[in-house]
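These are the residues of each chain, in order.
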Amino acid sequence: MAESEVTAVHDYPVIHSIRTHVMKYGNVDKHKRLVVVIPGNPGAIEFYDEFMKLLHQSSSWPVWGLSHAGHSTVPKHVQWQGKLLFIMSINLALKY
């Protein structure tokens, strides 16, 4: 798979009442495995884009990552939903 053919899909679902940035490489429909990337610091999943792309290319497994609440900018075309206070306990709850 050529590097130029691999692009991330960006989704902004509401998870526990908070709009969250999810970045996806690959589709889970035909795989029995899914690699989930939970960021450290920084909590914006965009920071891990190259790592996720290389992991997907080298394994061919789907690789998905989600930002911590409040760490990524939601595009203007996506309606914001959620709380304005993003404390650690809320971010931990989003991962369950």
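Predicted, not measured: the structure shown is a model, and the values here were computed from it.

Conventions and cut-offs
- Residues numbered from 1 in each chain as written.
- Predicted model: local features only at pLDDT ≥ 70, side-chain atom pairs only at ≥ 80, totals over all residues.
- Heavy atoms only, no water.
- Helix = DSSP H or I, 4+ residues; strand = E, 2+ residues; numbered from the N terminus.
- Buried < 20%, exposed > 50% of the residue type's maximum accessible area, 1.4 Å probe, protein only.
- Contact = heavy atoms within 4.5 Å.
- Areas by Shrake-Rupley, 256 points an atom, 1.4 Å probe, with all protein chains shown as cover.
- Core = buried A, V, L, I, M, F, W, Y, C linked by side-chain atoms within 4.5 Å.
- Patch = residues over 30% accessible without salt bridge, like charges linked within 9 Å, V, L, I, M, F, W, Y side chains within 5 Å.
- Salt bridge = Lys/Arg side-chain N within 4 Å of Asp/Glu carboxyl O.
- Pairing = 2+ DSSP bridges.
- Axes fitted to C-alpha atoms, helices over the stretch in contact; angles between N-to-C directions.
- Arc of directions from axis to C-beta.

S.K.: Whenever I open this one, the overall build of the protein chain confuses me. Can you help?
M.R.: The secondary structure content of the protein chain amounts to two helices and six strands. When the helices and strands of the protein chain are placed in sequence order, the string is β-β-β-β-β-α-β-α. A buried classification covers 34% of the 96 residues belonging to the protein chain. Within the protein chain, contacts between residues separated by at least 24 positions form 65% of all contacts whose residues are at least 6 apart in sequence. When the accessible surface of the protein chain is totalled, it reaches about 6,300 Å², and 58% of it is carbon and sulfur.

S.K.: For this particular structure, what's the right way to read the nonpolar core?
M.R.: Note that soluble globular proteins tend to have their nonpolar side chains buried in a common cluster. In this structure, Val6, Met23, Tyr25, Val35, Val37, Ile45, Tyr48, Met52 and Val63 together form the largest nonpolar core, which totals nine residues. Those elements that place two or more of their residues in this core are β4 (22-25) and β5 (35-37).

S.K.: Please clarify how a nonpolar patch on the surface should be interpreted in this entry.
M.R.: On the surface, a nonpolar cluster with roughly 250 Å² of combined accessible area is contributed by Leu34, Val36 and Ile38. By the element assignment, Leu34 lies in the loop between β4 and β5.

S.K.: Mind showing me how you'd approach the sheet that holds strand β1 (residues 9-11) here?
M.R.: Hydrogen bonds along the backbone pair up the strands of a sheet, which may run parallel or antiparallel. Across the sheet, which stays open at both edges, the four strands sit in the order β1-β4-β6-β5 with mixed pairing between neighbours. Edge strands, defined here as strands with exactly one partner in the open sheet, are β1 and β5. With direction set aside, neighbouring strand axes in the sheet form an average angle of 20°. This element, helix α1 (residues 49-59), spans β4, β5 and β6 (63-66) of the sheet and lies at about 30° to β4.

S.K.: Hey, could you run me through α1 in this one?
M.R.: Along α1, the residues that are buried comprise Met52, Lys53 and His56. Buried positions in α1, seen along its axis, are confined to an arc of 100° and lie on one side of it. Each element contacted by the buried residues of α1 is listed here: β4, β5 and β6.

S.K.: Would you take a moment to explain the pattern of salt bridges for this structure?
M.R.: Side chains bearing opposite charge may pair, as long as their charged atoms lie close to each other. The tally for this structure, following the rule as stated, stands at two salt bridges. When the shortest N-O distance is used, the salt bridge between Asp11 and Lys24 registers 3.5 Å. Of this pair, Asp11 sits in strand β1 while Lys24 sits in strand β4, and the two are 13 residues apart along the sequence. Close ionic contact of Glu50 with Lys53 constitutes a salt bridge, the shortest N to O distance being 3.6 Å. Separated by three residues within a single helix, Glu50 and Lys53 lie in helix α1, roughly one turn from each other. Overall, Glu50 belongs to the partly exposed group, its relative accessible area being 43%. Judged by relative accessible area, which is 11%, Lys53 ranks as buried.

S.K.: Explain the pairing of β4 here, please?
M.R.: On a regular strand, each side chain points to the face opposite its neighbour's, so the side chains alternate between the two faces of the sheet. Covered by surrounding structure in β4 are Val22 and Lys24 together with Met23 and Tyr25, the residues of both alternating faces. Bridge analysis of β1 against β4 gives three bridges, and the strand direction is antiparallel. Bridge pairing in β4 places Val9 opposite Lys24. As paired strands, β4 and β6 are joined by four bridges and run antiparallel to one another.

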